[in-house]
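Breakdown of the fold
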Amino acid sequence: MSALLRQVARAAPRQSRFLSTSQVSRKDLVQDMYLRELKAYKPAPQAKDAHLAHVKAYKAPSSPTPPALPADLASELAAYDSQEPGTVPTATTSAETTTVTGDAAAEFLAHLEADIPKEVHH
């Protein structure tokens, strides 16, 4: 049997696939033109003062002035010490004027427990 297989193998035409190690050159004309134009592109030189249209000149803020003491500080302090503190009249609030009694609480609870009157439709 092995002899038969050897003879068939010799008699059969050899079909082998040849692999090429070099890549088939497929040219992409559009890509070549794009790359060539991209490499040849030279941007227009900008003027040295082109940034002035976009940037404001820096101006440091002015330093604040220190507060000035009044010339007659001693007399103002003496006048302040001699003043009598004023009393502000307090207004009575509604919570202070209402008196709470047990009857009011009972009336409130009775109101809550009462039935809700039904609306009569005409």
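Residues numbered from 1 in each chain as written. Predicted model: local features only at pLDDT ≥ 70, side-chain atom pairs only at ≥ 80, totals over all residues. Heavy atoms only, no water.

**Some thoughts on the overall build of the protein chain**
When its secondary structure is counted, the protein chain shows five helices and zero strands. When the helices and strands of the protein chain are listed from N to C terminus, the series reads α-α-α-α-α. Sorting the 122 residues of the protein chain into buried and exposed places 0% on the buried side. Split by element, the accessible area of the protein chain, about 13800 Å² in all, is 60% carbon and sulfur. (Helix = DSSP H or I, 4+ residues; strand = E, 2+ residues; numbered from the N terminus. Buried < 20%, exposed > 50% of the residue type's maximum accessible area, 1.4 Å probe, protein only. Areas by Shrake-Rupley, 256 points an atom, 1.4 Å probe, with all protein chains shown as cover.)

**Things to note about a nonpolar patch on the surface**
The grouping of Y34, L35 and L38 at the surface amounts to a nonpolar patch, some 320 Å² of accessible area in total. Within the secondary structure, Y34 is located in helix α2 (residues 29–40). (Patch = residues over 30% accessible without salt bridge, like charges linked within 9 Å, V, L, I, M, F, W, Y side chains within 5 Å. Salt bridge = Lys/Arg side-chain N within 4 Å of Asp/Glu carboxyl O.)

**Examining α2**
Here α2 spans 16 Å end to end across twelve residues, near enough to the 16 Å set by a 1.5 Å rise per residue. Summarising burial for α2: zero of the twelve residues are buried, a small minority. (Expected span 1.5 Å × (residues − 1).)

**Digging into the confidence of the model for the protein chain**
Overall, the prediction assigns the protein chain a mean pLDDT of 79, with 75% of residues at 70 or greater. The secondary-structure element of the protein chain with the lowest mean pLDDT is helix α4 (residues 94–97), recorded at 54, while α2 shows the highest, at 94. (pLDDT = per-residue confidence, 0-100.)

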